[in-house]
Amino acid sequence: ASALTYPLDLVRGRISGKGVSASGEKKYTGIIDTVRITVKEEGILALYKGIRPTLLGAVPYEGIKFGTVGLLEVLLPAEPGGTNV
């Protein structure tokens, strides 16, 4: 999911952070404009600049979540005839 939504996070950061050019004018006017300018000036891969730390940060989180669910399934088994949710 992070890989699909990362370009939107990048665009949000550019609009709020680097939204002013050297002359003091707004560089980006909206989401589509930001994507268009970024792709035109830096290429399509620029939309994924900095994604590596985001994905690396998700690995421990997902590992802990996976391990916790497995442990809870062992410690708290479903009742006979009940449903596993």
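Residues numbered from 1 in each chain as written. Predicted model: local features only at pLDDT ≥ 70, side-chain atom pairs only at ≥ 80, totals over all residues. Heavy atoms only, no water.

### Focus: the packing of helix α1 (residues 2–17) against helix α3 (residues 51–75)
Reasoning step 1: Packing of α1 against α3 brings their axes to within 11 Å, and their N-to-C directions diverge by 135 degrees. What the angle tells us is that α1 and α3 run oblique. Where α1 crosses over α3, the two elements pack in a sense that is right-handed. Note on element contacts: α3 touches α1 through Ile51, Thr54 and Leu55, opposite Ser2, Ala3 and Tyr6.
Reasoning step 2: Taken together, the residues of the contact of α1 with α3 sort by class into four nonpolar, two polar and no charged. (Axes fitted to C-alpha atoms, helices over the stretch in contact; angles between N-to-C directions. Helix = DSSP H or I, 4+ residues; strand = E, 2+ residues; numbered from the N terminus. Parallel < 35°, antiparallel > 145°, perpendicular 65-115°, else oblique. Left-handed = near helix turned anticlockwise from the far one by under 90°. Contact = heavy atoms within 4.5 Å. Nonpolar A, V, L, I, M, F, W, Y, C, P; charged D, E, K, R; others polar.)

### Remarks on helix α2 (residues 31–42)
Reasoning step 1: With twelve residues, α2 extends 16 Å from end C-alpha to end C-alpha; this agrees with the ideal 16 Å at 1.5 Å per step.
Reasoning step 2: Taken residue by residue, α2 has Asp33, Thr34, Ile37 and Thr38 as its buried positions. All buried residues of α2 project into a common sector of 125 degrees when viewed along the axis, lining one side. Across from the buried face of α2, at angles greater than 90 degrees, the exposed residues are Ile31, Ile32 and Lys40.
Reasoning step 3: Remark: glycine 43 follows α2 within two positions and exhibits a positive phi of approximately 95 degrees. (Expected span 1.5 Å × (residues − 1). Buried < 20%, exposed > 50% of the residue type's maximum accessible area, 1.4 Å probe, protein only. Arc of directions from axis to C-beta.)

### A word on the environment of leucine 4
Reasoning step 1: For leucine 4, the position within the fold is in helix α1.
Reasoning step 2: Note: C-alpha distance between leucine 4 and tyrosine 48 (44 residues apart in sequence) is 9.7 Å.

### So, a nonpolar patch on the surface
Reasoning step 1: On the surface, a nonpolar cluster with roughly 530 Å² of combined accessible area is contributed by Leu71, Leu72, Val74, Leu75 and Leu76.
Reasoning step 2: Mapped onto the secondary structure, leucine 72 falls in helix α3.
Reasoning step 3: Under the relative-accessibility criterion, leucine 72 is labelled partly exposed at 43%. (Patch = residues over 30% accessible without salt bridge, like charges linked within 9 Å, V, L, I, M, F, W, Y side chains within 5 Å. Areas by Shrake-Rupley, 256 points an atom, 1.4 Å probe, with all protein chains shown as cover. Salt bridge = Lys/Arg side-chain N within 4 Å of Asp/Glu carboxyl O.)

### Quick notes on the pattern of salt bridges
Reasoning step 1: Applying the stated criterion across every chain, the model contains six salt bridges.
Reasoning step 2: Residue aspartate 9 pairs with arginine 12 through a salt bridge whose shortest N-O separation is 3.7 Å. One end of the pair, aspartate 9, and the other, arginine 12, are both in helix α1, three residues apart, so they sit about a helical turn from each other.
Reasoning step 3: Classification of arginine 12 by relative accessible area gives exposed; the value is 55%.
Reasoning step 4: A salt bridge links glutamate 62 to lysine 65, with the nearest nitrogen and oxygen atoms 3.2 Å apart. With glutamate 62 and lysine 65 both in helix α3 and three residues apart, this pair spans about one turn of that helix.
Reasoning step 5: In this structure glutamate 62 comes out as partly exposed when scored by relative accessible area, which is 39%.
Reasoning step 6: Since its relative accessible area comes to 40%, lysine 65 is described here as partly exposed.
Reasoning step 7: One network of salt bridges, with partners in common, ties together Arg14, Glu42 and Lys49.

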